[in-house]
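Examining the three-dimensional arrangement
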Amino acid sequence: MTNMLSDWAREFLREDRVGVVSTLNNDGSSHLTTMWYLLADDGTLILSTPAHNQKVKNLRRDPRIALCVGDVTRSVSLYGTVTISDDQALIRQDIEHLVERYVKDAGIRPQVSATLAQQSRVALHFTPEKVTEFSV
């Protein structure tokens, strides 16, 4: 599904950024949170979050998700449905990759990974079904 993303969007999403994730609350309103994400080579978006968070409750009820990554003049928004996994091996693998992406000091990566792995977490994976790009 990588062909859904332009070369520009793939490059933009791989820069040092965080994403804003939107899920749907029971009443239909948006629940927004800032999250680390990773764009896999196949176009899948990978996220990890504590299992008790509101976004996980929302996604278990309604798996629709949107992720927006942007700056002052550019953005990429991705829409789709998420797969939630409680598989501990997958969660640990995702944590390792996310920490490698976001924690620049390699010396503290093991500590950050260990701290995150001690939490009750889930893996969130989604392949965008729709992508919008904006650039001035």
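Now for a description of the structure that goes with this document. (Residues numbered from 1 in each chain as written. Predicted model: local features only at pLDDT ≥ 70, side-chain atom pairs only at ≥ 80, totals over all residues. Heavy atoms only, no water.)

1. Focus: the sheet that holds strand 9 (residues 130-135)
What the 5 strands build is an open sheet, ordered 2-1-5-6-9; its pairing is antiparallel. Bordering the open sheet on either side are strand 2 (30-35) and strand 9, each of which pairs with just one other strand. Adjacent strand axes in the sheet meet at a mean angle of 20° when their direction is disregarded. As defined by bridge partners, strand 5 (residues 64-70) adjoins strand 6 (residues 74-81) across 7 bridges and the pair is classed as antiparallel. Residue pairing in the sheet places Arg64 in a bridge with Thr81 of strand 6. Seen against the sheet, helix 1 (residues 7-14) touches strand 5, strand 6 and strand 9 and runs at an angle of roughly 95° to strand 6. (Pairing = 2+ DSSP bridges. Helix = DSSP H or I, 4+ residues; strand = E, 2+ residues; numbered from the N terminus. Axes fitted to C-alpha atoms, helices over the stretch in contact; angles between N-to-C directions. Contact = heavy atoms within 4.5 Å.)

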